[in-house]
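# Structural features, examined
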Amino acid sequence: MVKKNKDVAGQETPAEKITSQDAKKKPVATIRVDDCSASVWAREFVVQGQPKKFYSVTLERSYKDRDGAWKYTKSFDSDSLGKIVSLCQQASETINGLTQKKSA
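Here goes a summary of the coordinates provided. (Residues numbered from 1 in each chain as written. Predicted model: local features only at pLDDT ≥ 70, side-chain atom pairs only at ≥ 80, totals over all residues. Heavy atoms only, no water.)

## Description of the pattern of salt bridges
Summed over all chains, the structure comprises 3 salt bridges. The closest approach of N and O atoms between lysine 83 and aspartate 34, which form a salt bridge, is 3.9 Å. Note that lysine 83 is positioned in helix α2 (residues 81-103) and aspartate 34 in the loop between β3 (29-33) and β4 (36-47), a separation of 49 residues in sequence. Overall, the relative accessible area of 19% leaves lysine 83 in the buried class. Its relative accessible area of 67% is what places aspartate 34 among the exposed residues. Notably, a salt bridge pairs lysine 83 with aspartate 35, separated by 2.9 Å at the nearest N-O pair. Of this pair, lysine 83 sits in helix α2 while aspartate 35 sits in the loop between β3 and β4; the two residues are 48 residues apart in sequence, bridging distant segments of the chain. Because the salt bridges share partners, they merge into one network encompassing Asp34, Asp35 and Lys83. (Salt bridge = Lys/Arg side-chain N within 4 Å of Asp/Glu carboxyl O. Helix = DSSP H or I, 4+ residues; strand = E, 2+ residues; numbered from the N terminus. Buried < 20%, exposed > 50% of the residue type's maximum accessible area, 1.4 Å probe, protein only.)

Okay, structure coming up:
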């Protein structure tokens, strides 16, 4: 049995379709410095009846395991901290550019 949700028009939409749409979301920007990256995400909410876009940032570091497969972690060693600072500054500038572009 598939659970159904009603969309804005009142038509029913399968819940698995909604879930698959959410799973396909991609960052609006990805910034890289060597083995570290910052992804900027956009989320829309209705605040006091008006649509509003909020931004957030996720940080990660990539590395190869013993077998040579790429892995990703959200832990950073002391060598990565300078890269993370740079990524945070660049992500902030990216978000400021996105919000200024939207309000223009």
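Following the structure, the description resumes.
## Thoughts on the nonpolar core
Formed by Ala29, Ile31, Val33, Cys36, Ala38, Val40, Tyr55, Ile84, Leu87, Ala91 and Ile95, the largest nonpolar core amounts to 11 residues. Listing elements by their share of this core, those giving two or more residues are β3, β4 and α2. Sort the elements by how many residues they give to this core and α2 lands first, with 4 residues. Ignoring sequence-local partners within four residues, the contact set of isoleucine 95 consists of Val40, Tyr55 and Val57. (Core = buried A, V, L, I, M, F, W, Y, C linked by side-chain atoms within 4.5 Å. Contact = heavy atoms within 4.5 Å.)

## What to know about unusual backbone geometry
Phi is positive for aspartate 34, close to 55°, though the residue is something other than glycine. One non-glycine residue, glutamine 48, lies in the positive phi region at around 50°. If you trace the backbone, glutamine 48 turns up in the loop between β4 and β5 (50-64).

## Examining the sheet that holds β4
Pairing is antiparallel across the open sheet formed by 4 strands, whose spatial order is β3-β4-β5-β6. In the strand order of this sheet, the two ends are held by β3 and β6 (70-73), each with one partner. Taken over all neighbouring pairs, the strand axes of this sheet differ in orientation by 30° on average, direction set aside. Pairing of β4 with β5, which is carried by 12 bridges, proceeds in the antiparallel orientation. Among the inter-strand pairings, serine 39 is bridged to a residue of β5, identified as threonine 58. (Pairing = 2+ DSSP bridges. Axes fitted to C-alpha atoms, helices over the stretch in contact; angles between N-to-C directions.)

In short, shape yes, function no, at least from these values alone.
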